[in-house]
Amino acid sequence: AQKITQTQPGMFVQEKEAVTLDCTYDTSDPSYGLFWYKQPSSGEMIFLIYQGSYDQQNATEGRYSLNFQKARKSANLVISASQLGDSAMYFCAMREGSTGANNLFFGTGTRLTVIP
Amino acid sequence: EPEVTQTPSHQVTQMGQEVILRCVPISNHLYFYWYRQILGQKVEFLVSFYNNEISEKSEIFDDQFSVERPDGSNFTLKIRSTKLEDSAMYFCASSEARYTGELFFGEGSRLTVL
């Protein structure tokens, strides 16, 4: 089974609108971390936001927020007030914390296109 | 702002040649990683490194690959006898801690094997 599933290969959003990128995860480890990364066309991986499994509140970083629904095992990224520069690939990733694994499992990504 | 730097940004090599990709992690970070992204596919974990030894590796990281921290700043990935399927973007990353905090990625080294 996939550890991270991103079901939206591509998304479009109008500039200044909000958009939600979906991510579901699969783990039996009670301790884990969830990450979102942005990959523009230039190729670098840019960290956006992190949510720990024991965090009580949803993470927020500027225009990015993570809608963490633990029971549903979902960690959707919400981008508010989209900008043209937000057009990129977005990857959800998970690290399992207590099994000795300290590597990230990535999803297949969602390509976001912001329309002027 | 401190960042992870990688060299070269792009390397073209002939099949069967050896390649060394270099990384300078963020200076106060203790954990170092290599990831790979084949064009159009997801990012895959290769190896993590801590305290001068490999702490974990994936099934991709076979005897063809090796990592080293030859001095206090560089972290290298060596690929011996490259194959066509080794063509990918290779990302170095570092983190302060193991189970908390984000991984900071470099800009990647694109390897093309002909």
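Residues numbered from 1 in each chain as written. Chains lettered and ligands numbered in written order. Predicted model: local features only at pLDDT ≥ 70, side-chain atom pairs only at ≥ 80, totals over all residues. Heavy atoms only, no water.

Peer 1: Any chance you could explain the overall build of chain B here in plain terms?
Peer 2: Helix and strand counts for chain B come out as zero helices and eleven strands. The order of α-helices and β-strands along chain B, N terminus first, is β-β-β-β-β-β-β-β-β-β-β. Rg of the C-alpha trace for chain B: 13 Å, near the compact-globule value of 13 Å for 114 residues, within the 12% margin. Projected onto its principal axes, the C-alpha positions of chain B cover 40 × 30 × 25 Å. Counting the 114 residues in chain B, one finds 44% classified as buried. Taking the contacts inside chain B whose residues are at least 6 apart along the sequence as the reference set, 53% of them involve residues at least 24 apart. A total of about 5,800 Å² of accessible surface is found on chain B, and carbon and sulfur atoms cover 46% of it. Computed over 10 positive and 16 negative side-chain charges, the separation of the two mean positions in chain B equals 5 Å. (Helix = DSSP H or I, 4+ residues; strand = E, 2+ residues; numbered from the N terminus. Rg over C-alpha atoms; globule rule 2.2 N^0.38 Å. Buried < 20%, exposed > 50% of the residue type's maximum accessible area, 1.4 Å probe, protein only. Contact = heavy atoms within 4.5 Å. Areas by Shrake-Rupley, 256 points an atom, 1.4 Å probe, with all protein chains shown as cover. Lys, Arg positive; Asp, Glu negative; His and termini not counted. Charge placed at Lys NZ, Arg CZ, Asp CG, Glu CD.)

Peer 1: Mind showing me how you'd approach the interface of chain A and chain B here?
Peer 2: Often, the extent of an interface is quoted as the loss of accessible area on bringing the components together. Taken residue by residue, the interface counts 21 residues in chain A and 21 residues in chain B. Buried area between chain A and chain B, both sides added, is near 1,800 Å², and the carbon and sulfur share of it is 52%. Run the count over chain A and chain B and you get zero salt bridges. Applying the counting rule to chain A against chain B returns three residue pairs in polar contact (both at pLDDT 80 or more). Of all the secondary structure elements, the ones that give two or more residues to the side of chain A that touches chain B are strand E5 (32–39), strand E6 (46–52) and strand E10 (88–96) of chain A. (Buried area = accessible area lost by both parts, 1.4 Å probe. Salt bridge = Lys/Arg side-chain N within 4 Å of Asp/Glu carboxyl O. Polar contact = N/O pair within 3.5 Å; in protein donor to acceptor, adjacent residues only side chain to side chain.)

Peer 1: Is there a simple way to explain the layout of surface pockets in this structure?
Peer 2: Any empty space left between atoms is shown by rolling a water-sized probe over those atoms. For the largest pocket, the calculated volume is near 390 Å³. At the level of elements, E6 of chain A together with strand E1 (5–7) and strand E10 (104–105) of chain B are the ones that each hand at least two residues to the lining of the largest pocket. Tallied by class, residues from the lining of the largest pocket come to nine nonpolar, three polar and four charged. (1 Å grid on protein atoms, 1.4 Å probe; cavity = no way out; pocket = protein on both sides within 12 Å on 5 of 7 lines; lining within 4 Å. Points joined across faces, edges and corners; volume = space filled by probe spheres on them. Nonpolar A, V, L, I, M, F, W, Y, C, P; charged D, E, K, R; others polar.)

Peer 1: Is there a simple way to explain the state of the cysteines in this structure?
Peer 2: In protein chemistry, a disulfide is the covalent bond that joins the sulfur atoms of two cysteines. Applying the stated criterion across every chain, the model contains two disulfides over all chains. A sulfur-sulfur distance of 2.0 Å marks the disulfide that ties Cys23(A) to Cys92(A). Judged by the sign of its S-S torsion, about -65°, the bond between Cys23(A) and Cys92(A) is left-handed. Separated by 69 residues along the polypeptide, Cys23(A) in the loop between strand E3 (19–21) and strand E4 (24–25) and Cys92(A) in strand E10 bring together distant segments of the chain. Across the disulfide from Cys23(B) sits Cys92(B); the S-S distance is 1.9 Å. Taking the torsion about the S-S bond as the criterion, the Cys23(B) to Cys92(B) disulfide, at about -65°, is left-handed. Pair noted here: Cys23(B) is in strand E3 (residues 19–24) and Cys92(B) is in strand E9 (residues 88–95), with a separation of 69 residues, a long-range link. Grouping residues by exposure puts Cys23(B) and Cys92(B) together as buried. (Disulfide = S-S within 2.5 Å.)

Peer 1: Is there a simple way to think about the pattern of salt bridges in this case?
Peer 2: One side chain can pair with another of opposite charge once the charged atoms of both are near each other. On inspection of all chains with the given rule, the structure shows three salt bridges over all chains. Across the pair Asp86(A) and Arg63(A) runs a salt bridge, and its minimum N-O distance is 2.8 Å. Taken as a pair, Asp86(A) in the loop between strand E9 (74–79) and E10 and Arg63(A) in the loop between strand E7 (60–61) and strand E8 (64–69) lie far apart in primary sequence, 23 residues in all. What makes Asp86(A) buried here is its relative accessible area of 2%. In this structure, Glu44(B) and Arg36(B) form a salt bridge, with 3.4 Å as the shortest nitrogen-oxygen distance.

Peer 1: Teacher, can you tell me more about the side chain of Ser48(B) here?
Peer 2: With respect to the helices and strands, the residue Ser48(B) is situated in strand E5 (residues 43–50). A distance of 2.8 Å separates a polar atom in the side chain of Ser48(B) from a polar atom in the side chain of Ser55(B).

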